[in-house]
Amino acid sequence: MQFIKQEKVRFQHIDYAGIVFYPRFLEMLNCLVEDWFEEALHRPFSKMHETNGIPTVDLKIQFKNAARLGEILTKKLWVKELKNSSILCGFEFENESNTIVLEGEVTLVNVKIQEDRQSIKAEPFSEEMKEKIKKYLNS
C-alpha cells in the first residue's frame, strides 16, 4: 500500500525560471511524511513532538523532471524496510501526465526527547505502531 497526497505547485514553490526550487521539494516531502503520520498512523506531530520525534537521518533524491507553477503533483510514500526504531521509505512525485518529477528514499528514526531537550536517543517503535507501519510495507 502507498500513502498518496496531491499538492498544487504554487508561486511560493517556484524560482525565477518558473520551476520548483529544489529545496521546496524537501518541504513537500516533509509535509507528506507529516500527513502520513497524522492521517494513516494516527500519530500527529503536534502530539508526538511533546516527548518524541521522527527526524530524517538519511535522504536520497533524484530529480527527474521540472515541475511548474499550477501543476498538480501526486506524492506517494511507502515503506521499504521497517527496523526496530527506524523506517526506510520510498517516495515518488509525479505530475498530471504521470511523468516522474522526483523519486528517492528517506530514513526516519523514532526518538525519545529528554525533558531538558539536550538528549535525544533512538527508541523502538511500539508493537501497535509497527503494525500500522507494516500496512505500507512494499518490497
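Residues numbered from 1 in each chain as written. Predicted model: local features only at pLDDT ≥ 70, side-chain atom pairs only at ≥ 80, totals over all residues. Heavy atoms only, no water.

Once that is clear, we can look at the environment of glutamate 81. Among the structural elements, glutamate 81 can be located in strand S4 (residues 72–82). Linking glutamate 81 and aspartate 15, residues 66 residues apart in sequence, is a C-alpha distance of 35 Å. Residue contacts for glutamate 81: discarding those within four places in its chain leaves Ser86, Ile87, Leu88 and Leu137. (Helix = DSSP H or I, 4+ residues; strand = E, 2+ residues; numbered from the N terminus. Contact = heavy atoms within 4.5 Å.)

So, about the packing of aromatic side chains. Overall, the coordinates contain eight aromatic pairs when judged by the stated rule. Between tyrosine 22 and phenylalanine 63, the aromatic rings sit 6.3 Å apart at their centres with planes inclined by 80°, giving edge-to-face as the arrangement. Residue tyrosine 22 is located in helix H1 (residues 22–40), and its partner phenylalanine 63 is located in strand S3 (residues 56–63); the two are separated by 41 residues in the primary sequence. Relative to tyrosine 136, the ring of tryptophan 36 lies with its centre 5.7 Å away and its plane at 85°, an arrangement referred to as edge-to-face. Placement of tryptophan 36 in helix H1 and of tyrosine 136 in the segment after helix H3 (127–134) is noted, with a sequence separation of 100 residues between them. Here a set of aromatic residues connected by ring pairs shows up, and it is made of Phe21, Tyr22, Phe25, Phe63, Phe91 and Phe93. (Phe/Tyr/Trp six-rings, centres within 6.5 Å; stacked < 30°, edge-to-face > 60°.)

A few words on the side chain of arginine 43. Along the polypeptide, arginine 43 turns up in the loop between H1 and helix H2 (45–48). With no salt bridge to any partner, buried arginine 43 finds its closest opposite charge in glutamate 123, at an N-O distance of 5.7 Å. Here the side chain of arginine 43 touches asparagine 110 through a polar contact of 2.7 Å, side chain to side chain. (Buried < 20%, exposed > 50% of the residue type's maximum accessible area, 1.4 Å probe, protein only. Lys, Arg positive; Asp, Glu negative; His and termini not counted. Salt bridge = Lys/Arg side-chain N within 4 Å of Asp/Glu carboxyl O. Polar contact = N/O pair within 3.5 Å; in protein donor to acceptor, adjacent residues only side chain to side chain.)

Glancing now at the pattern of salt bridges. Counted under the stated rule, the structure contains 11 salt bridges. Glutamate 103 serves as the salt-bridge partner of lysine 64, at 3.4 Å between the closest nitrogen and oxygen. With lysine 64 in the loop between S3 and S4 and glutamate 103 in strand S6 (residues 100–109), this pair connects stretches of sequence that are 39 residues apart. When its relative accessible area of 23% is taken as the criterion, glutamate 103 is described as partly exposed. As a salt-bridge pair, glutamate 127 and lysine 130 come within 3.7 Å of each other at their nearest N and O atoms.

Without other data, these values stay purely geometric and don't point to any function.
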